[in-house]
Amino acid sequence: MQSVLLDILILGLLILLFAVIYRKRATTRLRFWVIGWLFVVMHFVALLFTPVTPLADHLVSSVTLFGLILSG
């Protein structure tokens, strides 16, 4: 669990770095790169939740899958 949080923190800092670069040199490629990695972080954050009800389980599964699909 602790290594997953560390991975999310490292990815978040990397995204923050490229978002700062994007503010200086706004290119379409860099914008999509930042958005794609935000979806990857959303995927990993959703994996941290342990749902109790079947509806919550389906919601978490949907968020994790759509995060990866949208990041592509």
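Residues numbered from 1 in each chain as written. Predicted model: local features only at pLDDT ≥ 70, side-chain atom pairs only at ≥ 80, totals over all residues. Heavy atoms only, no water.

S.K.: Explanation requested: the overall build of the protein in the structure shown.
M.R.: Assigned secondary structure in the protein consists of three helices and zero strands. Mapped from its N terminus to its C terminus, the protein presents α and β elements in the order α-α-α. What you see for the protein is a C-alpha radius of gyration of 14 Å, clearly larger than the 11 Å of a compact globule of 72 residues, by over 25%. Counting only C-alpha atoms, the protein reaches 45 × 25 × 15 Å along its principal axes. Here the protein holds 72 residues, and 18% of them are scored as buried. (Helix = DSSP H or I, 4+ residues; strand = E, 2+ residues; numbered from the N terminus. Rg over C-alpha atoms; globule rule 2.2 N^0.38 Å. Buried < 20%, exposed > 50% of the residue type's maximum accessible area, 1.4 Å probe, protein only.)

S.K.: What is the right way to read the packing of helix H2 (residues 28-47) against helix H3 (residues 54-71) from this model?
M.R.: The geometry of a pair of packed helices is captured by two quantities: the angle between their axes and the separation between those axes. Between H2 and H3, the shortest axis-to-axis distance is 8 Å and the interhelical angle comes to 160°. By the criterion of interaxial angle, the relationship of H2 to H3 is roughly antiparallel. Between H2 and H3 lies a crossing of left-handed hand. Where H2 abuts H3, its residues Gly-36, Phe-39, Val-40, Met-42, His-43, Ala-46 and Leu-47 lie against Val-60, Val-63, Thr-64, Gly-67, Leu-68, Leu-70 and Ser-71. Of the residues belonging to the contact of H2 with H3, the class tally is nine nonpolar, five polar and no charged. (Axes fitted to C-alpha atoms, helices over the stretch in contact; angles between N-to-C directions. Parallel < 35°, antiparallel > 145°, perpendicular 65-115°, else oblique. Left-handed = near helix turned anticlockwise from the far one by under 90°. Contact = heavy atoms within 4.5 Å. Nonpolar A, V, L, I, M, F, W, Y, C, P; charged D, E, K, R; others polar.)

S.K.: Looking at this structure, how should I read helix H1 (residues 2-24)?
M.R.: Helical periodicity: at 3.6 residues per turn, an α-helix aligns residues three or four positions apart in one direction. Here H1 contains 23 residues, and its C-alpha end-to-end distance of 34 Å stays within 8% of the 33 Å for a straight helix at 1.5 Å per residue. Those residues of H1 lying buried are Ile-8, Leu-11 and Ile-15. In this fold, the buried residues of H1 make contact with H2. (Expected span 1.5 Å × (residues − 1).)

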